[in-house]
Amino acid sequence: MAADDESLVAHKQEVREAAQVARREQADKDRVSRLIVDTVTQLPAYREAACVMWYIDVRSEVRTRHALPAAIDSGKKVVVPFCVDGELELFHLESMSELSEGMYKILEPREELRGVAAKRVRSSDLDIVLVPGVAFDRQGGRIGHGKGYYDKLLGNVRSDASLIALAFECQVVDSVPVQTHDVHMDMVVTENHVYPGTGRRS
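These numbers come from a predicted model, not from an experiment. (Residues numbered from 1 in each chain as written. Predicted model: local features only at pLDDT ≥ 70, side-chain atom pairs only at ≥ 80, totals over all residues. Heavy atoms only, no water.)

J.: So what exactly am I meant to see when it comes to the overall build of the protein chain here?
T.: Each helix and strand in the protein chain was counted, giving five helices and 12 strands. Whereas a compact globule of 202 residues would reach a radius of gyration of roughly 17 Å, the protein chain reaches 16 Å, a difference of no more than 12%. With respect to the principal axes defined by its C-alpha atoms, the protein chain has extents near 50 × 35 × 35 Å. Relative to its 202 residues, the protein chain shows a buried fraction of 48%. Expressed as a percentage of contacts within the protein chain between residues at least 6 apart in sequence, the contacts between residues at least 24 apart total 67%. Carbon together with sulfur atoms contributes 48% to the accessible area of the protein chain, which is approximately 10100 Å² in total. Side-chain charges in the protein chain split into 26 positive and 32 negative, and the spacing between the mean points of these groups amounts to 3 Å. (Helix = DSSP H or I, 4+ residues; strand = E, 2+ residues; numbered from the N terminus. Rg over C-alpha atoms; globule rule 2.2 N^0.38 Å. Buried < 20%, exposed > 50% of the residue type's maximum accessible area, 1.4 Å probe, protein only. Contact = heavy atoms within 4.5 Å. Areas by Shrake-Rupley, 256 points an atom, 1.4 Å probe, with all protein chains shown as cover. Lys, Arg positive; Asp, Glu negative; His and termini not counted. Charge placed at Lys NZ, Arg CZ, Asp CG, Glu CD.)

J.: Sorry, what's going on with the nonpolar core here?
T.: Grouped burial of nonpolar side chains is what soluble globular proteins tend to show. Ranked by internal contacts, the top residues of the largest apolar core, which has 53 residues, are Y46, W54, L130 and L166. Setting aside anything within four residues of it in sequence, one finds L130 in contact with V40, Y46, V52, M53, W54, Y55, I164 and L166. V15, V134, A135 and I143 belong to the second largest nonpolar core, which has six residues in total. (Core = buried A, V, L, I, M, F, W, Y, C linked by side-chain atoms within 4.5 Å.)

J.: How do you make sense of the pattern of salt bridges when you look at a structure like this?
T.: Side chains that carry opposite charge are capable of pairing whenever their charged atoms lie near each other. In the structure shown here, the tally under the stated rule is 15 salt bridges. D160 is the salt-bridge partner of R158, the closest N and O atoms lying 2.8 Å from each other. Residues participating in the shared-partner salt-bridge network are E94, E98 and K119. (Salt bridge = Lys/Arg side-chain N within 4 Å of Asp/Glu carboxyl O.)

J.: What's the story with helix α2 (residues 29–42) in this structure? I'm lost.
T.: Each turn of an α-helix holds 3.6 residues, which means side chains three or four residues apart point in the same direction. For α2, which comprises 14 residues, the first-to-last C-alpha distance of 20 Å matches the rise-based estimate of 20 Å (1.5 Å per residue) to within 8%. Of all the positions in α2, only K29, V32, S33, I36, V37 and V40 are classed as buried. Projected onto a plane normal to the axis of α2, the buried residues spread over an arc of 135° and lie on a single side. (Expected span 1.5 Å × (residues − 1). Arc of directions from axis to C-beta.)

The values reported here are purely geometric and, on their own, carry no functional implication.
In structure tokens, the structure reads:
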């Protein structure tokens, strides 16, 4: 790895660690998360989408699971991801009963349903993707947990699908160091602002 690359990776890790601390310390996560989710569901991109991928919150991410029942009832096709061998697979969620707590108490599709053909969804079917992350900038730059799961998935969704990040304002920094594989968001939604990102044009 070149010295410049090493410096960028080190800077990225510093930003990630600081944002993780800020996210963990975010006060009143339930209330603030509801504000963020409410803003997202009122966006034209969300309202017009027929097939929406929601993430299911883990650790100190903006909480989303409270919104899933209403999303399902809205008539939209609701999709949630789960991880298999370092890749995100997509699952058509039709009832909260199809989820169970897995390792580390992460809520995910029940094991016996994952292989059902009718439940599998292609990334090209998605009209909008709601994206978690650790740190963001106001141009849609994103830092995840460093595994690259979302970058791989987002690289395969349709170019006209909207990528919308959910974040607490405390996770927004002036500038996120980005690498060639990093995918920019179309929007970053916090409790205070909707930041228009550069998207995949960047």
